[in-house]
Amino acid sequence: MDERAALSLVGDRVAAAGDDCAVVDDLVVTTDMLHETTDFPDGTSRYTAGWRSVGASLSDVAAMGAEATAAVAVYGAPQFDADEIAAFIEGCLDVCEAVDAEYVGGDLDGHEEFTVATTAFGQTDAPVYRSGASPGDAVCVTGTLGRSAAALRRFEAGDTERGNELFRFEPRVAAGRGVAPHATAMMDSSDGLARSLHQLAAASGCGFAIEADAIPVAPAVEEVADGPSDRRELAVHFGEDFELVATMPETAVDAAAEASPVALTRVGTVTESGVTMDGEALPDRGYTH
């Protein structure tokens, strides 16, 4: 059973599951787990690991249009090294500071491989779910796509300094807050744009028609991509970018873009069914743990 099949079992049993965060009154809460073998390439610093782990959960808070309030992390490793733990905590503190949240601690435990579990909290009285998209809405993304894919290529080439830099993304909490009043549905792009669109389509009972030329590709992708096909693969399917994918009425796009502190780009339109790019079926392929 793969990760998606396992998650479907949770969704079948837990009514609150299925969005980027669970909503309890005006509180949103999410949790994530990252492992050295699947999430931290060789050369990932403990500072970057702390930043990225907590940032992944803060990204879920952003996807609900919530204000981020706090985060905690569980740190597991075969052995404890004082410098590594200190660097990890600094990463957690700094990513929280970047979105006006507070890092409030966590837990330590021995583990056979370096593993991090994080939980983040936020507040909103008007959360944005995945289920509100309607045919005719515009579909937009924040920032650019492919940054994490480019980071992995840098790690593989031994350029760990650049890899770590690219791996430290800024959670789009402020953008989520700005876009939320205009959005009909929203989620983050941690599984990749293609898979995110399929997930939104399933939640909203709709489809999407995307234009490849409209997709904003991270400049770092241009430095590592091996031609147009590879460029598209890294930007559309790789995932782990933690940008926001949002739908909204066409008449709201300009206002949402003005309210977002980062670029908001329209990449397509919500349709009745099917997920296509330039008229061809877009495979449901993306990041899988």
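- As recorded by an unreviewed UniProt entry, the protein chain carries the name Thiamine-monophosphate kinase and is attributed to Natronomonas pharaonis.
- Comment text from UniProt for the protein chain, heading Pathway (unreviewed entry), reads "Cofactor biosynthesis; thiamine diphosphate biosynthesis; thiamine diphosphate from thiamine phosphate: step 1/1."

Quick notes on the sheet that holds strand β5 (residues 115-123)
Then comes step 1: The strand order across the open sheet formed by five strands is β1-β2-β5-β3-β4, and the pairing between neighbours is mixed. The sheet terminates laterally at β1 (22-24) and β4 (102-110), the two strands that pair on one side only. Strand-to-strand, the axes of this sheet are offset by a mean angle of 20°, without reference to chain direction.
Then comes step 2: In terms of strand pairing, strand β2 (residues 27-35) meets β5 through nine bridges, oriented antiparallel. Within β5, the position partnered with T30 by the bridge is A120.
Then comes step 3: Where helix α3 (residues 46-63) meets the sheet, its contacts fall on β2, β3 (67-77), β4 and β5, and the angle it forms with β5 comes to roughly 40°.
Then comes step 4: Relative to β4, helix α4 (residues 82-98) is tilted by about 150°, and along the sheet it contacts β3, β4 and β5.

Considerations on the sheet that holds strand β10 (residues 264-271)
Then comes step 1: Pairing within the open sheet is mixed, and its seven strands lie in the order β7-β9-β6-β10-β8-β11-β12. Looking at strand neighbours, the two that pair on one side only are β7 (185-188) and β12 (280-281), the edges of this open sheet.
Then comes step 2: Pairing between strand β6 (residues 138-142) and β10: five bridges, direction antiparallel. Its bridge partner lying in β10, V141 is registered against T265.
Then comes step 3: The strands that α3 touches are β7 and β9 (244-248); relative to β7, the one it contacts most, it runs at about 175°.

Focus on the packing of α3 against α4
Then comes step 1: Where α3 contacts α4, the axes come no closer than 6 Å and their chain directions differ by 40°. On the basis of their axis angle, the class for α3 and α4 is oblique. Between α3 and α4 lies a crossing of right-handed hand. Where α3 abuts α4, its residues R46, Y47, A49, G50, W51, V54, G55 and L58 lie against E84, A87, F88, E90, G91, C92, D94, V95, C96 and A98.
Then comes step 2: Its residues placed into classes, the contact of α3 with α4 shows 11 nonpolar, three polar and four charged.

Things to note about the UniProt feature "binding site: Mg(2+) 4" (unreviewed entry) in the protein chain
Then comes step 1: UniProt tags D20, T30 and D60 as "binding site: Mg(2+) 4" (unreviewed entry). Across 41 residues, the annotated set stays spatially compact, with a maximum C-alpha separation of 7.0 Å.
Then comes step 2: With respect to the helices and strands, D20 occurs in the loop between α1 (3-13) and β1.
Then comes step 3: In contact with D20, other than residues within four places in its own chain, are T30, D60, A63, M64, R130, M186, M187 and D188.
Then comes step 4: On the basis of relative accessible area, D60 is assigned to the buried category, the value being 8%.
Then comes step 5: When neighbours within four sequence positions are excluded, D60 is seen to be in contact with D20, C21, T30, D32 and D188.

Some remarks on the environment of D42
Then comes step 1: Assignment of secondary structure puts D42 in the loop between α2 (36-39) and α3.
Then comes step 2: A relative accessible area of 71% places D42 in the exposed class.
Then comes step 3: When the C-alpha positions of D42 and G163 are compared, they lie 10.0 Å apart, and in sequence the two are 121 residues distant.
Then comes step 4: With near-sequence residues (within four places) excluded, D42 lies in contact with F155 and T160.

Description of the pattern of salt bridges
Then comes step 1: Inspection of the entire model under this criterion finds 12 salt bridges.
Then comes step 2: With a closest N to O distance of 3.0 Å, D230 and R153 form a salt bridge. Of this pair, D230 sits in helix α10 (residues 228-236) while R153 sits in helix α5 (residues 147-156), and the two are 77 residues apart along the sequence.
Then comes step 3: For R153, a relative accessible area of 27% translates into the label partly exposed.
Then comes step 4: Among the salt bridges present, the one from R162 reaches E165, with a minimum N-O distance of 3.1 Å.

What counts, and where the lines are drawn
- Residues numbered from 1 in each chain as written.
- Predicted model: local features only at pLDDT ≥ 70, side-chain atom pairs only at ≥ 80, totals over all residues.
- Heavy atoms only, no water.
- UniProt positions renumbered as here; feature names shortened; annotations may be inferred.
- Pairing = 2+ DSSP bridges.
- Helix = DSSP H or I, 4+ residues; strand = E, 2+ residues; numbered from the N terminus.
- Axes fitted to C-alpha atoms, helices over the stretch in contact; angles between N-to-C directions.
- Contact = heavy atoms within 4.5 Å.
- Parallel < 35°, antiparallel > 145°, perpendicular 65-115°, else oblique.
- Left-handed = near helix turned anticlockwise from the far one by under 90°.
- Nonpolar A, V, L, I, M, F, W, Y, C, P; charged D, E, K, R; others polar.
- Buried < 20%, exposed > 50% of the residue type's maximum accessible area, 1.4 Å probe, protein only.
- Salt bridge = Lys/Arg side-chain N within 4 Å of Asp/Glu carboxyl O.

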